[in-house]
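An overview of the molecular structure
Below, each chain spelled out in residue letters.
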Amino acid sequence: MPLLETENLVKRFGGVTATDDVSVSIESNERVSLIGPNGAGKSTLINLITRRLDPTEGEIRFNGESILGLKPHDVVQRGVSKSFQTASIFPQLPVIDNARIAALGAEHGAFRLNLLSRLDSYDEVDAVARETLQDVGLWAERETAAADLPYGDKRRLELGIALAAEPDLLLMDEPTAGMSPEETAATVELIENVKAERDLTFLLVEHDMEIVMNISDRIIVLDRGSVIAQGTPEEIRESERVQDAYLGGADR
Ligand SMILES: Nc1ncnc2c1ncn2[C@@H]1O[C@H](COP(=O)(O)OP(=O)(O)OP(=O)(O)O)[C@@H](O)[C@H]1O
């Protein structure tokens, strides 16, 4: 059974069909990127999965169950986190407290039952917070107020916050947007490290093809709302249809 599955998903905004009959699936431990020219429907698809948008037609299943009846926060508790959203950081709090809050909020996490019944649960929250900050390379900065971190480190903290919730599926929407080349390289390295150290399933939206090609097990290509190709990085690199979609964009 796939971890995430969309079936004939359609989203129309008035006369615009942003998502046009999209049926895709992601298996556990798969690292998938979603690419496509501007306006292809990538953000719309992510917003449908996180339940920030209602589909016009179609179905979305997570772990085999429909999530269409769920609110965005319910989806998070089922195990879907979205990283690199600016609102996730408490700027005035130290880095470590940001990680603790995220760990505490992970109601579906491994320590959930302990949290309700055992006095040492806060030790476990601390353990998750520490492990997460070590994974994202911010342990040395743990006492720094989040607001005082450089931009790239703030983005690392956002990833850490998403990871501390121990998500089954991590959604990342353009994690390197607005970063310098150095920060971009550090973020890619970070995602690769996390990928190596944890069982991580992610869906990444990214414009930088080098990143996409290096980081993905599989790539899904959207164009004008439809899936026009999916396959390994090699298959996508060689697909004429994908090249046409990118190169032909200027003529439309
Ligand atoms: N809230 C909305 N109201 C009306 N039209 C919308 C809305 N959101 C998206 N669209 C339209 O739906 C289509 C898909 O947009 P979407 O933002 O999902 O594409 P994208 O692939 O994420 O693009 P980009 O790479 O530029 O971020 C576009 O034509 C866009 O104008």
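Residues numbered from 1 in each chain as written. Predicted model: local features only at pLDDT ≥ 70, side-chain atom pairs only at ≥ 80, totals over all residues.

For the protein chain, an unreviewed UniProt entry supplies the name Probable branched-chain amino acid transport ATP-binding protein LivG and the organism Halosegnis rubeus. Per UniProt, the comment on the protein chain under Sequence similarities (unreviewed entry) is "Belongs to the ABC transporter superfamily." Under the Function (unreviewed entry) heading, UniProt states for the protein chain: "Probable component of a branched-chain amino-acid transport system." (UniProt positions renumbered as here; feature names shortened; annotations may be inferred.)

**Considering the packing of helix α3 (residues 95-104) against helix α6 (residues 151-164)**
Where α3 meets α6, the closest approach of the two axes is 7 Å, and the angle between their N-to-C directions is 30°. Taken as axis vectors, α3 and α6 run roughly parallel relative to one another. Crossing handedness for the pair α3 and α6: right-handed. Contacts between α3 and α6 involve Val-95, Asn-98, Ala-99, Ala-102 and Ala-103 from the former and Leu-157, Gly-160, Ile-161 and Ala-164 from the latter. When grouped by side-chain class, the residues that make up the contact of α3 with α6 number seven nonpolar, two polar and no charged. (Axes fitted to C-alpha atoms, helices over the stretch in contact; angles between N-to-C directions. Helix = DSSP H or I, 4+ residues; strand = E, 2+ residues; numbered from the N terminus. Parallel < 35°, antiparallel > 145°, perpendicular 65-115°, else oblique. Left-handed = near helix turned anticlockwise from the far one by under 90°. Contact = placed C-beta atoms within 7 Å. Nonpolar A, V, L, I, M, F, W, Y, C, P; charged D, E, K, R; others polar.)

**Comments concerning the sheet that holds strand β4 (residues 31-35)**
Here six strands make up an open sheet; going across it, the order is β7-β8-β9-β4-β10-β11 and the pairing mixed. The sheet is open, and its two edges are formed by β7 (80-83) and β11 (226-231), each paired on a single side. Ignoring strand direction, the axes of neighbouring strands in this sheet form an average angle of 20°. Helix-sheet contacts for helix α10 (residues 240-247) involve β10 (218-223) and β11, and the interaxial angle to β11 is about 135°. (Pairing = 2+ DSSP bridges.)

**Considering the site of the ligand**
In the region of the ligand, the neighbouring residues are Phe-13, Val-16, Ala-18, Gly-36, Asn-38, Gly-39, Ala-40, Gly-41, Lys-42, Ser-43 and Thr-44. Classifying every residue of the shell around the ligand by side-chain character gives four nonpolar, six polar and one charged. (Near = placed C-beta within 6 Å.)

**Focus: the environment of Pro-233**
For Pro-233, the location among the structural elements is in helix α9 (residues 233-238). Pro-233 sits 17 residues away from Ser-216 along the chain, and the two C-alpha atoms are 7.0 Å apart. With residues near it in sequence (within four places) discarded, Pro-233 still touches Met-213, Ser-216 and Ile-219.

**Some points on the packing of α6 against helix α7 (residues 181-197)**
Two elements in contact, α6 and α7, have axes separated by 10 Å at closest approach and are oriented at 20°. Considering their axes alone, α6 and α7 lie roughly parallel with respect to each other. Remark: the crossing between α6 and α7 carries right-handed chirality. Taken together, the residues of α7 that come into contact with α6 (itself represented by Tyr-151, Gly-152, Arg-155, Arg-156, Leu-159 and Leu-163) are Glu-183, Ala-186, Thr-187, Leu-190 and Val-194.

**With respect to the domain arrangement of the protein chain**
As assigned here, the protein chain comprises domain 1 (1-78 + 167-251) and domain 2 (88-165). Between the C-alpha centres of domain 1 and domain 2 there is a distance of 26 Å. Each side of the interface is counted separately: domain 1 has 14 residues, and domain 2 has 13 residues. Where the side of domain 1 that touches domain 2 is concerned, the elements lending two or more residues are α2 (72-78) and α7. When residues in the side of domain 1 that touches domain 2 are grouped by element, the largest group, seven residues, is from α7. Grouping the amino acids of the side of domain 1 that touches domain 2 by side-chain chemistry returns eight nonpolar, three polar and three charged. (Domains from an automatic or database assignment.)

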